[in-house]
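Take a look at the letters that make up each chain.
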Amino acid sequence: MWTANEATDDEVARYRAGGSQLVEYATTDTSMNSTIESTLQHLRDDSKGVADNGKSLRTVSRFRDFTDVTGDIYQVFCKGIATPQINVEIGIPLAQAGAVIRKIKDWHAETRPRMHYPVILRCTGASEGWLSPSNGQDTCYFGFVVYYAADGSLSEEGNSFLRAVERALAEEGGRPHWGKYFDESLYDWPALYPQWEAFRRVREALDPDHRFANAFTDALLD
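My aim in this report is to walk through the structure given alongside it, one point at a time. Predicted, not measured: the structure shown is a model, and the values here were computed from it.

## As for the overall build of the protein
- Helix and strand counts for the protein come out as 9 helices and 6 strands.
- Counting only C-alpha atoms, the protein reaches 55 × 45 × 35 Å along its principal axes.
- A burial count over the protein gives 33% of its 222 residues as buried.
- Put simply, of all contacts in the protein between residues at least 6 apart along the chain, 67% involve residues at least 24 apart.

## Some words on helix 8 (residues 196-206)
- Along helix 8, the residues that are buried comprise Trp196, Ala198 and Arg203. Here the buried residues of helix 8 occupy an arc of 160° about the axis, which is enough to place them on one side. Exposed residues lying more than 90 degrees from the buried face of helix 8 are Arg201 and Ala205.
- Tucked into the core, helix 8 has its buried residues touching helix 7 (189-192) and helix 9 (215-221).

## Observations regarding a nonpolar patch on the surface
- Together, Ile73, Tyr74 and Phe77 make up an exposed nonpolar region whose accessible area comes to about 380 Å².
- Following the sequence through the fold, Tyr74 ends up in helix 4 (residues 73-77).
- Classification of Tyr74 as exposed rests on a relative accessible area of 60%.

## Re helix 5 (residues 97-111)
- For helix 5, built from 15 residues, the straight-helix expectation of 21 Å at 1.5 Å per residue is met to within 8% by its first-to-last C-alpha distance of 21 Å.
- Along helix 5, the positions that sit buried rather than exposed are Ala97, Val100 and Ile104. Seen from one end, helix 5 has its buried residues packed into an arc of 65°, which puts them on one side. Exposed residues pointing more than 90 degrees away from the buried face of helix 5 are listed as Arg102, Lys105, Asp106 and Glu110.
- Where the residues of helix 5 are buried, they touch strand 3 (85-93), strand 5 (139-147) and helix 6 (156-171).
- In the stretch just after helix 5, Arg112 is the one whose phi turns positive, near 45°.

## Some thoughts on the sheet that holds strand 6 (residues 175-176)
- Read from one edge of the open sheet, 4 strands run 4-5-3-6, paired in antiparallel fashion. Only two strands of the sheet have a single partner each, and these edge strands are strand 4 (120-124) and strand 6.
- Inspection of the sheet shows strand 3 paired to strand 5 by 9 bridges, in the antiparallel sense. Among the inter-strand pairings, Asn87 is bridged to a residue of strand 5, identified as Val145.
- In the packing of helix 5 onto the sheet, contacts are made with strand 3, strand 4 and strand 5, and the angle to strand 5 comes to roughly 30°.

## Points about the environment of Tyr147
- Within the element layout of this structure, Tyr147 appears in strand 5.
- Put simply, Tyr147 and Gly179 are 32 residues apart on the chain and 17 Å apart in space, counted from C-alpha to C-alpha.
- Beyond its immediate chain neighbours, meaning those up to four positions away, Tyr147 contacts Leu43, Ser56, Thr59, Thr83, Pro84, Gln85, His116, Tyr117 and Leu154.
- At 2.5 Å, the side chain of Tyr147 forms a polar contact with the side chain of Thr59.

## Observations regarding the pairing of strand 3
- Counting buried positions over the 9 residues of strand 3 gives 8, a clear majority of the element.
- As paired strands, strand 3 and strand 6 are joined by 2 bridges and run antiparallel to one another. Across the sheet, the residue bridging to Ile90 is Pro176, located in strand 6.

## Some words on the environment of Thr70
- Mapping Thr70 onto the fold places it in strand 2 (residues 66-70).
- Expressed as a C-alpha distance, the spacing of Thr70 and Ala215, which sit 145 residues apart in the sequence, is 44 Å.
- Here the side chain of Thr70 touches Tyr25 through a polar contact of 2.7 Å, side chain to side chain.

The rules behind each value
Residues numbered from 1 in each chain as written. Predicted model: local features only at pLDDT ≥ 70, side-chain atom pairs only at ≥ 80, totals over all residues. Heavy atoms only, no water. Helix = DSSP H or I, 4+ residues; strand = E, 2+ residues; numbered from the N terminus. Buried < 20%, exposed > 50% of the residue type's maximum accessible area, 1.4 Å probe, protein only. Contact = heavy atoms within 4.5 Å. Arc of directions from axis to C-beta. Patch = residues over 30% accessible without salt bridge, like charges linked within 9 Å, V, L, I, M, F, W, Y side chains within 5 Å. Areas by Shrake-Rupley, 256 points an atom, 1.4 Å probe, with all protein chains shown as cover. Salt bridge = Lys/Arg side-chain N within 4 Å of Asp/Glu carboxyl O. Expected span 1.5 Å × (residues − 1). Pairing = 2+ DSSP bridges. Axes fitted to C-alpha atoms, helices over the stretch in contact; angles between N-to-C directions. Polar contact = N/O pair within 3.5 Å; in protein donor to acceptor, adjacent residues only side chain to side chain.

In structure tokens:
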């Protein structure tokens, strides 16, 4: 879990004295290292040389020897490393998160799937947006990543893992992140979003010629 606190005066002074560069502290936490090493082994085995000059490996290895840092909001939180991947993120009602985590842990212990990256948990408050995956409920998003190999292929084991875990979350009433990969056949959109039909009516009223549409939205909403 990552927690963030406002820097103290002493921490701010140390940060500025170092030229406003990210400050990493000497004390490290090694509790994740064994998990990181086993995950990296799966990733190396499946990626056949690793795509994008090893960036996918760095997205995992950066969690090794974890340490506290002091920096500005961009240095601390904007840590993305662009690399070819399939990214699945499904929102579950926060009240169900504990039960869903147990379900995934039991499934993982039984099947031992090939994972390239630790499971990401991101919790948010409720949204008033009609088609937000967090509409009307506090939400815990479960994120999963599988990386492409250097030759552009995707391992069958990684692909099978994504299909299975998305199906499990869809069965729990999960709503997929609209900007990431999902299997549309797993979801009943009007059942998931109470204002689905109201949204379609507003769309037709405000954009009757579908000037703001594309192939994806047309297939989804028509």
